[in-house]
Amino acid sequence: MEIIHISAECYPVAKVGGLADVVGALPKYLNQLGHHAKVVVPGYDNKFSKENEFETIHQGQLRLGWFTFSYTILKEKTNKLGFELYLIAIPELFDRPNVYSYEDDTERFTAFQVAFLNWLTETNQTPDIIHCHDHHTGLISFMMSHAPIYQHLNHVPTILTIHNGQYQGWFGFDKLHYLPQVSSSRLGFLEWNGIINPLASAIKCAWKVTTVSPSYLDELSEKANGLENLLRFERPKCLGILNGIDNEVWNPKTDDMLEFNYDVKTLSTGKSKNKKYLCEQFNLDPTKPLFTFIGRLVGEKGADLLPEICSIALSRNPNEINILILGSGDSNVEHGLTQLTHFYKGNYNAYIGYNEKLAHIIYAGADYLLMPSRVEPCGLNQLYALRYGTIPIVRRTGGLKDTVIDIGDGGFGICHDQTSVYDVNYSITRAIDLYNDVKNFDKTRKTIMQIDHSWEKVAQEYIEVYQSLKK
Ligand code: GLC
């Protein structure tokens, strides 16, 4: 089957969050199973586009209201990512370093989607499946089903995967003229609560909707930033599929970002060496349990509570624990976390920023990963932690609930019910006890390293979905 994935992010081309990791891995594993999966993303002005070679395979134009833009389709020459990668370059809109957060994001991502459909049309491509990810590609299903100029594509099945339902890409009907002409009887497929809502539109128009974990799908019926009723109504065509991880990238035995490689047999010494190395870099004490948080410093991830969680944990357990934070986001949180470095020297440190290599080193060197998320559609960090023998401490929500079982229930992690300073600190206390119970601690680390969350297994589930649509 020929499957086109279209997304705003794809690792290592452009990454803001976990969406990139999924789009950068699933297609590779679909190809390994004998399919033909491609990825289409915007052509940003970033490191990847500068350092790799591309060939121009198509040029065309698109209309966005009164404006006309030229677009170019660039194909990465070597297929080194394990799939064909296509960039849609629209210089006026995407020739910038970042993925999101520009004032004209509506214009940028609408133009991206129109260019994609124009390209398919002008080159007579009819793939077997078009797989859209999140709201940035949410208008594609609508345009394919309802715009007469793309009528020839309306038999091609589309799938929407919701990685994060909080963001929906809303814009007003004053920008309706950005879209190709449709009959006014079809406008209901664009609208939710009186405005154009690309995520809602994709939930209505895609042939199938998947979420990145089964529990997240259940939760969306109760809490979906205004889309609860729509998701309840469309439930029959929705399915939760837990994300996988790329075991080739995330493998402590071969990971070339690590100073010391290890596997389940050499876990204890391997992790100790990595911990020692990490603690030296950040002035921490390798004899104490090392807790970490890695990720975006935003409310959704519970990061606003981190300064208080850390200061209470460090004051209550003086000289008993280390904490190391890696992330960026909300400036108040960044500030709070930086401040703490002055008070808890030797036991606490923070790296404010995004650093993929350091993340790998931390997974290898830390003992525990904190994930107090308020919302977590799947969460990949706990899966990386498991693979590197780092025990996750998670709030029971979304994909965290589906992938981490509390040690008290015969599992291997530490779980709490609320995103609260109290709950997380209680979990930290439990984690210190486990750390001191050396036999149990080691047994748990061995168990988690062997849990299989590979894409090999999960890609098959997507293939079944594709096949069910391709009768
Ligand atoms: C988003 C979600 C995260 C999920 C990722 C990949 O970033 O917040 O929970 O793991 O997408 O699907």
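Residues numbered from 1 in each chain as written. Predicted model: local features only at pLDDT ≥ 70, side-chain atom pairs only at ≥ 80, totals over all residues. Heavy atoms only, no water.

So, the UniProt feature "domain: Glycosyl transferase family" (unreviewed entry) in the chain
Phase 1: In the numbering used here, UniProt assigns the "domain: Glycosyl transferase family" (unreviewed entry) feature to residues 281-443.
Phase 2: For residues 281-443, helix accounts for 44% and strand for 20%, while the C-alpha atoms at its two ends are 28 Å apart. (UniProt positions renumbered as here; feature names shortened; annotations may be inferred. Helix = DSSP H or I, 4+ residues; strand = E, 2+ residues; numbered from the N terminus.)

Topic: the site of the ligand
Phase 1: Around the ligand, a shell composed of 13 residues is seen, among which His163, Asn243, Glu376, Cys378 and Gly379 lie nearest.
Phase 2: Measuring from an oxygen atom of the ligand, one finds a side-chain N or O atom of Asn243 at 2.8 Å.
Phase 3: Separating an oxygen atom of the ligand from a side-chain N or O atom of Lys301 is a distance of 3.4 Å.
Phase 4: In isolation the ligand offers 310 Å² of accessible surface; the protein chains occlude 94% of this area.
Phase 5: Built from parts of two domains, the shell around the ligand gets at least three residues from each of domain 1 (2-244 + 456-470) and domain 2 (267-453). (Near = heavy atom within 4 Å. Polar contact = N/O pair within 3.5 Å; in protein donor to acceptor, adjacent residues only side chain to side chain. Areas by Shrake-Rupley, 256 points an atom, 1.4 Å probe, with all protein chains shown as cover. Domains from an automatic or database assignment.)

Thoughts on the environment of Gly34
Phase 1: With respect to the secondary-structure elements, Gly34 resides in the loop between α1 (18-32) and β2 (36-42).
Phase 2: Here the alpha-carbon distance between Gly34 and Met1, two residues 33 residues apart in the chain, equals 8.3 Å.

Some details on the domain arrangement of the chain
Phase 1: Partitioning the chain into domains gives domain 1 (2-244 + 456-470) and domain 2 (267-453).
Phase 2: Centre-to-centre, using C-alpha coordinates, domain 1 lies 33 Å away from domain 2.
Phase 3: Each partner contributes residues to the interface: domain 1 has 21 residues there, and domain 2 has 18 residues.
Phase 4: Carbon and sulfur atoms supply 52% of the area that domain 1 and domain 2 bury against each other, a total of about 1,600 Å² over both sides.
Phase 5: By the criterion of area lost to domain 2, the three top residues of domain 1 are Ser215, Glu219 and Leu242, representing 24% of everything that side buries.
Phase 6: Applying the counting rule to domain 1 against domain 2 returns one salt bridge.
Phase 7: For Glu356, the salt bridge identified is with Lys15, shortest N-O distance 3.4 Å.
Phase 8: Where domain 1 touches domain 2, the interface holds nine residue pairs in polar contact (both at pLDDT 80 or more).
Phase 9: Elements with a contribution of two residues or more to the side of domain 1 that touches domain 2: α1 and α7 (214-220). (Contact = heavy atoms within 4.5 Å. Buried area = accessible area lost by both parts, 1.4 Å probe. Salt bridge = Lys/Arg side-chain N within 4 Å of Asp/Glu carboxyl O.)

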